[in-house]
Amino acid sequence: MNKRKPIVIMNWSMRQNLVAEAKEYAGEIRERESENQVIEIVLLPSMGTIQQVAEVLSGSLIHFGAQNMAVIDQGELSGEFSIQSLVEMQGKFVELGHWERRKLYNETDETINKKVKLALQYNVSPIVCIGEMEENEANNVLDEIKNPNYEKDLKSELFLRVFNSLYGIDRDKLDKIVIAYTPAWAVGKTKAASAPHIKRAVSIIRDSLKEMFGEKAKNTRIVYGGTVSPENTKIMLNLADLDGVLLGRFGSKPERLHETVEVVRQAKC
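From a predicted model like this one, the values you see are computed outputs, not experimental measurements.

Each value, and the rule that gives it
Residue numbers restart at each chain and count upward from 1, following the sequence in its written direction. In view of the model being predicted, local features appear only for residues whose pLDDT reaches at least 70, and side-chain atom pairs are presented and counted only at 80 or more, with totals across whole chains, interfaces and linings using the full set of residues. With hydrogens and water stripped out, all remaining heavy atoms of the structure feed into the side-chain values. Helix and strand definitions follow DSSP, with helices as H or I runs of at least four residues and strands as E runs of at least two, each counted in order from the N terminus. C-alpha atoms define the radius of gyration in this analysis, and the globule rule sets the expected value at 2.2 Å times the number of residues to the power 0.38. For every residue, the accessible area (1.4 Å probe, protein chains only) is compared with the maximum for its type, and the residue is labelled buried under 20%, exposed over 50%, or partly exposed between those bounds. Surface accessibility follows the Shrake-Rupley procedure with a 1.4 Å probe radius. Residue values consider only the protein chains on display as shielding. None of His or the chain ends enter the tally, which takes Lys and Arg as positive and Asp and Glu as negative. For this purpose, a charge sits on NZ of Lys, CZ of Arg, CG of Asp or CD of Glu. Helices are assigned an expected span. That span is 1.5 Å times one less than the residue count. Contacts were defined at the residue level, with two residues in contact if any of their heavy atoms lie within 4.5 Å. At least two DSSP bridges between two strands are required for those strands to pair. Angles run from 0 to 180 degrees between N-to-C directions of axes, and those axes are lines fitted to C-alpha atoms, restricted for helices to the stretch in contact. Patch membership needs two things, relative accessible area over 30% and no salt bridge, and members are linked within 9 Å if like-charged or within 5 Å if nonpolar (Val, Leu, Ile, Met, Phe, Trp, Tyr). By definition, a salt bridge exists where a carboxyl oxygen of Asp or Glu is found within 4 Å of a side-chain nitrogen of Lys or Arg. Pairing of aromatic side chains requires ring centres within 6.5 Å, counting the rings of Phe and Tyr and the six-membered ring of Trp. Pairs whose planes differ by under 30 degrees are stacked, by over 60 edge-to-face, and all others tilted. By definition in this entry, angles of less than 35 degrees are roughly parallel, angles greater than 145 are roughly antiparallel, angles of 65 to 115 are roughly perpendicular, and the rest are oblique. A crossing counts as left-handed when the near helix is turned anticlockwise from the far one by less than a right angle, and as right-handed when that turn is clockwise. Note on residue categories: nonpolar means Ala, Val, Leu, Ile, Met, Phe, Trp, Tyr, Cys or Pro, charged means Asp, Glu, Lys or Arg, and polar means any other residue, Gly included.

Novice: So what exactly am I meant to see when it comes to the overall build of the protein chain here?
Specialist: Looking only at helices and strands, the protein chain features 10 helices and 8 strands. For the protein chain, the C-alpha radius of gyration of 17 Å lies close to 18 Å, the compact-globule estimate for 269 residues. Here the C-alpha coordinates of the protein chain stretch approximately 50 × 40 × 40 Å along the principal axes. Within the protein chain, buried positions represent 51% of all 269 residues. As displayed, the protein chain offers around 13000 Å² of accessible surface, 48% of which is attributable to carbon and sulfur atoms. A gap of 4 Å separates the mean positions of the 36 positive and 38 negative side-chain charges of the protein chain.

Novice: In this structure, what is going on with helix H10 (residues 254–268)? I would like to understand it.
Specialist: Because an α-helix completes one turn every 3.6 residues, residues spaced three or four positions apart along the sequence face the same direction. With 15 residues, H10 ought to run about 21 Å at 1.5 Å a step, and its terminal C-alpha atoms sit 21 Å apart, in line with that. Among the residues making up H10, those that are buried are Pro-254, Leu-257, Thr-260, Val-261, Val-263 and Val-264. Buried residues along H10 sit in contact with strand S1 (7–11), helix H1 (19–32), strand S2 (40–44), helix H9 (230–239) and strand S8 (244–247).

Novice: Sorry, what's going on with the sheet that holds strand S4 (residues 93–96) here?
Specialist: The strands that make up a sheet pair up through hydrogen bonds in the backbone, lying either parallel or antiparallel. Read around the closed barrel, the 8 strands follow the order S1-S2-S3-S4-S5-S6-S7-S8; overall the barrel is parallel. Taken pair by pair, the neighbouring strands of this sheet meet at an average axis angle of 25 degrees, ignoring direction. In this sheet, S8 lies alongside S1 in parallel orientation, the contact comprising 4 bridges. Bridge pairing in S8 places Met-10 opposite Leu-247. Its contacts with the sheet put helix H2 (residues 50–57) on S2 and strand S3 (63–66), and the angle it makes with S3 is roughly 170 degrees.

Novice: Looking at this model, I keep getting lost on a nonpolar patch on the surface. Mind explaining?
Specialist: A grouping of Val-71, Ile-72 and Leu-77 is seen on the molecular surface, where their side chains present a nonpolar patch of about 200 Å² in accessible area. Note that Val-71 resides in the loop between S3 and helix H3 (83–88). Accessibility expressed as a relative area gives 32% for Val-71, which makes it partly exposed.

Novice: What's the story with the environment of Lys-199 in this structure? I'm lost.
Specialist: By the secondary structure assignment, Lys-199 is in helix H8 (residues 195–213). A relative accessible area of 43% places Lys-199 in the partly exposed class. Separated by 42 residues in sequence, Lys-199 and Asp-241 place their C-alpha atoms 6.9 Å apart. Once you skip the residues sitting within four places of it in the chain, Lys-199 turns out to touch Leu-239 and Ala-240.

Novice: Quick question: what am I supposed to make of the pattern of salt bridges here?
Specialist: This structure, assessed with the given rule, holds 16 salt bridges. For Glu-107, the salt bridge identified is with Arg-101, shortest N-O distance 3.2 Å. On the basis of relative accessible area, Glu-107 is assigned to the buried category, the value being 10%. A salt bridge links Asp-109 to Arg-102, with the nearest nitrogen and oxygen atoms 2.6 Å apart. Residue Asp-109 is classed as buried on the basis of its relative accessible area, which comes to 10%. Owing to a relative accessible area of 9%, Arg-102 belongs among the buried residues under this scheme. Here the residues in one salt-bridge network are Arg-4, Arg-206, Asp-241 and Asp-243, joined through shared partners.

Novice: Explanation requested: helix H5 (residues 109–121) in the structure shown.
Specialist: If you check H5, its first and last C-alpha atoms are 18 Å apart, about what 13 residues at 1.5 Å a residue would give, namely 18 Å. When H5 is considered as a whole, its buried residues turn out to be Asp-109, Ile-112, Asn-113, Lys-115, Val-116, Leu-118, Ala-119 and Leu-120. Just downstream of H5, Asn-123 is the residue with a positive phi angle, here 60 degrees.

Novice: How should the packing of aromatic side chains be read in this particular structure?
Specialist: How two aromatic rings sit relative to each other is given by the distance of their centres and the angle of their planes. In the structure shown here, the tally under the stated rule is 4 aromatic pairs. Between Trp-12 and Tyr-25, the ring centres sit 5.0 Å apart and the planes meet at 85 degrees, which makes this aromatic pair edge-to-face. One end of the pair, Trp-12, is in the loop between S1 and H1; the other, Tyr-25, is in helix H1, and 13 residues separate them in sequence. For the pair shown, Trp-12 and Tyr-25 are each scored as buried. Between Phe-163 and Tyr-167, the aromatic rings sit 5.5 Å apart at their centres with planes inclined by 50 degrees, giving tilted as the arrangement. Of the aromatic side chains, those joined through ring pairs into one cluster are Phe-159, Phe-163 and Tyr-167.

Novice: When you look at the packing of H1 against H2 in this model, what are you seeing that I'm missing?
Specialist: In a packed pair of helices, the relevant descriptors are the angle between the two axes and the axis-to-axis distance. Taken N-terminus to C-terminus, the directions of H1 and H2 make an angle of 30 degrees; their axes are 9 Å apart at the nearest point. Classified by the angle between their axes, H1 and H2 sit roughly parallel to one another. H2 is crossed by H1, and the crossing has right-handed handedness. Residues Val-19, Ala-22, Lys-23, Ala-26, Gly-27 and Arg-30 of H1 form the contact with H2, whose participating residues are Gln-52, Val-53, Val-56 and Leu-57. Split into classes, the residues belonging to the contact of H1 with H2 amount to 6 nonpolar, 2 polar and 2 charged.

So this is what it looks like as structure tokens:
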């Protein structure tokens, strides 16, 4: 029996940076989802508003976290965000390895691996972003015709990302980890990856986890992120072995986030 709790994650990126709007958004989400106990909801505010969002959500069932953190908890790293600060705010999650961090800031799998281990050391759940980095097309149903090595290439890249990012992780902590399948070519675009492609990618990720960690790998939750909306969430969840979704700009309005939560609830509960 699948005991993984469904989850919906909202990443604000740098779309809401003013304290007033961040508190208003968090307050509306708290009001709308105050009775929700079956779906885990996680808000990832912009860095400058985490403390204020934490205050709004204090005592509620809604979790919050950071969009990134440093590779060490304290030391000479000017401009970085320490996990010690997140823990003091009572944040429970941290997103790691977003494609923007990898591409724009040259973060490697080795860097992500260090951060994952540090997050787990502080009992914070890492949301580990894994996906293809190269340009592609969102309408990829015919990928096998365009590229005969499509599945082989996909399997090779995703296994490498999973292996390198989670190398040396204690298998007893796999239930603390969330894998976000986030192909770079679908994030922030007009169209999500096709449901058949997501199904195949998630299957590869689950097989990779099992190969690394055995049966305990089934405790790890996997979500999809990349142009997610309430409209396409249902199709994804019905076809792929997902535990939820990672929202971006299409969840920037509280009512749209609520719609997505309801879709996940109906599909997974």
